[in-house]
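Residue strings, one per chain:
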Amino acid sequence: MTRRELDAIDREILYELQRDARRTSSRDVADALDISASTVRNRIDRLEQMGVIRGYHVDIDYELAGYPLYTKIICTAPIDDRDRLAARATEVDGVTAVREIMTGERNVYVNAIGENHDDLNRIGRRLSDLGLTVVDEQIIRDEYVCPYRGFHEDGDEESGDE
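Residues numbered from 1 in each chain as written. Predicted model: local features only at pLDDT ≥ 70, side-chain atom pairs only at ≥ 80, totals over all residues. Heavy atoms only, no water.

(A) The packing of helix 4 (residues 82-89) against helix 5 (residues 117-130), seen in detail. Where helix 4 contacts helix 5, the two axes come as close as 10 Å, and the packing angle between them is 145 degrees. The hand of the helix 4/helix 5 crossing is right-handed. Along its contact with helix 4, which presents Leu85, Arg88 and Ala89, the element helix 5 presents Arg126, Leu127 and Leu130. A breakdown of the residues in the contact of helix 4 with helix 5 according to their chemical character gives 4 nonpolar, no polar and 2 charged. (Axes fitted to C-alpha atoms, helices over the stretch in contact; angles between N-to-C directions. Helix = DSSP H or I, 4+ residues; strand = E, 2+ residues; numbered from the N terminus. Left-handed = near helix turned anticlockwise from the far one by under 90°. Contact = heavy atoms within 4.5 Å. Nonpolar A, V, L, I, M, F, W, Y, C, P; charged D, E, K, R; others polar.)

In structure tokens form, the structure reads like this:
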């Protein structure tokens, strides 16, 4: 799938869903784009089937949920095993996200939560047991997620770029 296969309507739908998928109805998107709600639903179904939309995720304040420690664990994996080890890392209790990095020695980033330092130590040991080398750990204060403005027709104007 290339960007050219997504037209302006597809990109606007993606933008609106990224802003707040839970509170955005097909009717809301349809009204904003001056198209029918059924067209929006059909487009969303197609984007899901194509794998462009892979899921809908909740943004959690882990501290308020009882997990005051939120950390990024930076690991190194052998290139040939990177994808397998990254997938296995998602099975470790306390891990909330894993990213494979295409370049550099630090090529697997693991986000994890815990109630205390013992939890984070256990997660680090478990990642090491899988075959990842933990090279750094960073406590995250907060994380902000925003929609990709490139999907929005007026994205350049909103970002201040001219």
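(B) Spatial organisation of the nonpolar core. If you look at the biggest cluster of nonpolar residues, it comprises 17 residues, and the most contacted ones within it are Ile73, Cys75, Val108, Val110, Ile123, Leu127 and Leu132. The contacts of cysteine 75, once residues within four sequence positions are left out, are Glu105, Arg106, Asn107, Val108, Val110, Leu127, Leu132, Thr133, Val134 and Val135. Membership of the second largest hydrophobic core comes to 14 residues, among which are Ile13, Ala30, Ala37 and Val40. (Core = buried A, V, L, I, M, F, W, Y, C linked by side-chain atoms within 4.5 Å. Buried < 20%, exposed > 50% of the residue type's maximum accessible area, 1.4 Å probe, protein only.)

(C) Just the side chain of aspartate 10, in detail. Tracing the backbone shows aspartate 10 in helix 1 (residues 8-20). In this structure aspartate 10 comes out as buried when scored by relative accessible area, which is 1%.

(D) Quick peek at the environment of alanine 30. Residue position: alanine 30 is located in helix 2 (residues 26-33). Residue alanine 30 is classed as buried on the basis of its relative accessible area, which comes to 1%. As a C-alpha pair, alanine 30 and leucine 17 span 13 residues in sequence and 12 Å in three-dimensional space. Those residues in contact with alanine 30 that sit more than four places away from it in its chain are Ile35, Ser36, Ala37 and Val40.

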